[in-house]
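# Analysis of the macromolecular model
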Amino acid sequence: MTKISSAVEAKVRASFSPQDAEIAITALAMMKEPSPTGEWAATRMRVQAAIVISSQCQLDELLIGIANSQLDWRDTLMNGGLAESNWRSVVKNAGFDIPVDN
């Protein structure tokens, strides 16, 4: 099982019902790496945040977003509005408390 960043977990807990939050956190944490590249490791939190944003706090949409990200996570970034160089400000404006070094 892979990890979920504390910023993504906090946002999920604040945005979803307690029951849905547990399901969402587990699903996000179990995301598989789509390819054996270092790029994915550096992008995991960003992809997970994009999934949460594009789900609009709907568990079914979040689970679909996870499945779609396993096909091409770059599309997930586009759908969540995090594909551009300003992604850090977008994710902060969406209510994620991300560390500066991500």
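### Quick word on the overall build of the protein
Across its full length, the protein holds six helices and zero strands. Of the regular secondary structure in the protein, the N- to C-terminal order runs α-α-α-α-α-α. Here the protein holds 102 residues, and 38% of them are scored as buried. Relative to all contacts within the protein whose residues are 6 or more apart in sequence, the contacts with residues 24 or more apart total 65%. Surface exposure of the protein reaches about 5,800 Å², of which carbon and sulfur atoms provide 51%.

### A look at the nonpolar core
Ranked by internal contacts, the top residues of the largest apolar core, which has 28 residues, are Val8, Val12, Leu28, Val52 and Leu62. Of all the secondary structure elements, the ones that give two or more residues to this core are helix 1 (6-15), helix 2 (18-29), helix 3 (38-55), helix 4 (59-69), helix 5 (73-79) and helix 6 (87-93).

### A look at helix 1
Inspection of helix 1 places Ala7, Val8 and Val12 among the buried residues, and these make up the whole buried set. Seen end-on, helix 1 carries its buried residues on one side only, within an arc spanning 130°. Pointing more than 90 degrees away from the buried face of helix 1 are the exposed residues Ser6 and Ala14.

### Examining the pattern of salt bridges
In total, this model carries three salt bridges according to the counting rule given. With its nearest N and O atoms 2.5 Å apart, the salt bridge here joins Glu22 to Arg13. Arg74 is the salt-bridge partner of Asp72, the closest N and O atoms lying 3.0 Å from each other. The exposure class assigned to Asp72 is partly exposed, which follows from its relative accessible area of 22%.

### Considerations on the side chain of Arg46
Following the sequence through the fold, Arg46 ends up in helix 3. The residues touching Arg46, leaving out its near neighbours within four places in the chain, are Leu77, Leu82, Ala83, Glu84 and Trp87.

### Details of the environment of Trp87
Counting through the fold element by element, Trp87 comes out in helix 6. Take Trp87: its relative accessible area is 8%, and that puts it in the buried class.

### Quick word on the packing of helix 2 against helix 4
Two numbers describe how helix 2 lies on helix 4: the axes approach to 10 Å, and their chain directions differ by 0°. It follows that helix 2 is roughly parallel to helix 4 by the angle criterion. Note on element contacts: helix 4 touches helix 2 through Leu59, Leu62, Leu63 and Ile66, opposite Asp20, Ile23, Ala24, Ala27 and Leu28. Classifying every residue of the contact of helix 2 with helix 4 gives eight nonpolar, no polar and one charged.

### What about helix 2?
For the α-helix, the turn length of 3.6 residues means that residues three or four positions removed from each other point alike. For helix 2, which comprises 12 residues, the first-to-last C-alpha distance of 16 Å matches the rise-based estimate of 16 Å (1.5 Å per residue) to within 8%. Of all the positions in helix 2, only Ala21, Ala24, Ile25, Ala27, Leu28 and Ala29 are classed as buried.

Basis of the calculations
- Residues numbered from 1 in each chain as written.
- Predicted model: local features only at pLDDT ≥ 70, side-chain atom pairs only at ≥ 80, totals over all residues.
- Heavy atoms only, no water.
- Helix = DSSP H or I, 4+ residues; strand = E, 2+ residues; numbered from the N terminus.
- Buried < 20%, exposed > 50% of the residue type's maximum accessible area, 1.4 Å probe, protein only.
- Contact = heavy atoms within 4.5 Å.
- Areas by Shrake-Rupley, 256 points an atom, 1.4 Å probe, with all protein chains shown as cover.
- Core = buried A, V, L, I, M, F, W, Y, C linked by side-chain atoms within 4.5 Å.
- Arc of directions from axis to C-beta.
- Salt bridge = Lys/Arg side-chain N within 4 Å of Asp/Glu carboxyl O.
- Axes fitted to C-alpha atoms, helices over the stretch in contact; angles between N-to-C directions.
- Parallel < 35°, antiparallel > 145°, perpendicular 65-115°, else oblique.
- Nonpolar A, V, L, I, M, F, W, Y, C, P; charged D, E, K, R; others polar.
- Expected span 1.5 Å × (residues − 1).

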